[in-house]
Amino acid sequence: MPSHTPLLEIACQQVMVDDASVFSIQSTDLPEAMAAELSAAELLLRYLGYVKKFTLTLIRPVALESGIEFRLIGTRQSLISFLPPEYADDFATLRICGGFLVQPRQCDRGELRFGVEHLPERTHISLQLNDFCPLILGSRSPSLLRFWLYRFTQAAIHRLVTIRFLSLLCHELAGPAAGVRVVNVVVRAGKPV
């Protein structure tokens, strides 16, 4: 790889915290000139389009007056439901409000946050999942079987989707020759998933 070709990093962490909710973050920094026009609202729209494309339309983000639902193709079954997006500063936030993949008693918590922070000389882009209570974990004290089932299914899919999304974004903005590598980081304490 020529020395002038950028090598970009995607930082990643996914953990189960003390209350058995999930925290996940994937982020990257791009030179400001490459991402000067990108906004959090655009990042959210790109992500929704990517989910549909990545899943070969099996999962379709559907925009409703009440919010956004990730639905299985051909059904009205929502895998995960969000309230309408909230925009503040450099972030677009989708608050979780239900769906098949969410613990029924925990539907009023959790959020998916899209960040585009324009800083001196760089743009920090992030996707962050906070306080998510997956149905697979079942409760605040999931069994070891439930933990491993979640880790190797839903958590693995979420990580794959977000990393590939950010990798594609890096290649679109920095050019197809840009190198991208994933690095594990520690942002919050918890049990890796």
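Our structure's up above, just so we're on the same page.
A brief look at the structure comes next. Just so you know, these numbers come straight off a predicted model, no measurement behind them.

About the cut-offs
Residues numbered from 1 in each chain as written. Predicted model: local features only at pLDDT ≥ 70, side-chain atom pairs only at ≥ 80, totals over all residues. Heavy atoms only, no water. Helix = DSSP H or I, 4+ residues; strand = E, 2+ residues; numbered from the N terminus. Rg over C-alpha atoms; globule rule 2.2 N^0.38 Å. Buried < 20%, exposed > 50% of the residue type's maximum accessible area, 1.4 Å probe, protein only. Contact = heavy atoms within 4.5 Å. Areas by Shrake-Rupley, 256 points an atom, 1.4 Å probe, with all protein chains shown as cover. Salt bridge = Lys/Arg side-chain N within 4 Å of Asp/Glu carboxyl O. Axes fitted to C-alpha atoms, helices over the stretch in contact; angles between N-to-C directions. Parallel < 35°, antiparallel > 145°, perpendicular 65-115°, else oblique. Nonpolar A, V, L, I, M, F, W, Y, C, P; charged D, E, K, R; others polar.

### Considerations on the overall build of the chain
Scanning the chain for helices and strands turns up four helices and 11 strands. Relative to the 2.2 N^0.38 estimate, which gives 16 Å for 193 residues, the radius of gyration of the chain is 17 Å and therefore close to what a compact globule would have. Taking all 193 residues of the chain together, 46% fall into the buried category. Taking the intrachain contacts of the chain between residues at least 6 apart in sequence as the baseline, contacts between residues at least 24 apart amount to 57%. Here the chain displays about 10,200 Å² of accessible surface, and carbon together with sulfur accounts for 58% of that area.

### Considering the pattern of salt bridges
In the structure shown here, the tally under the stated rule is nine salt bridges. A salt bridge links Glu9 to Arg181; the nearest nitrogen and oxygen atoms lie 2.3 Å apart. Here Glu9 is found in strand 1 (residues 7–16), whereas its partner Arg181 is found in strand 10 (residues 179–184), with 172 residues between them in sequence. Between Arg71 and Glu69 there is a salt bridge, with the nearest N and O atoms lying 2.7 Å from each other. In this structure, Arg71 and Glu69 share a single accessibility class: buried. Connected via shared salt-bridge partners are Asp19, Arg109 and Asp131.

### Details of the side chain of Ser27
Among the structural elements, Ser27 can be located in strand 2 (residues 22–31). Beyond its immediate sequence surroundings of up to four residues, Ser27 is in contact with Glu9, Ile10, Ala11, His124, Ile125, Ser126 and Leu166.

### Remarks on the environment of Leu43
When you line up the elements, Leu43 lands in helix 2 (residues 40–54). Exposure remark for Leu43: the relative accessible area of 0% places this residue in the buried category. Expressed as a C-alpha distance, the spacing of Leu43 and Asn184, which sit 141 residues apart in the sequence, is 22 Å. Beyond its immediate chain neighbours, meaning those up to four positions away, Leu43 contacts Leu38, Phe114, Gly115, Val116, Ile125, Ser126, Leu127, Phe165 and Leu169.

### Some details on the packing of helix 3 (residues 144–152) against helix 4 (residues 154–174)
Running from N to C, helix 3 and helix 4 cross one another at 25°; their axes reach a closest spacing of 3 Å. Between helix 3 and helix 4, the crossing angle belongs to the class labelled roughly parallel. Mapping the contact onto sequence places Tyr150, Arg151 and Phe152 in helix 3 and Gln154, Ala155 and Ala156 in helix 4. Of the residues contributing to the contact of helix 3 with helix 4, the split by class is four nonpolar, one polar and one charged.

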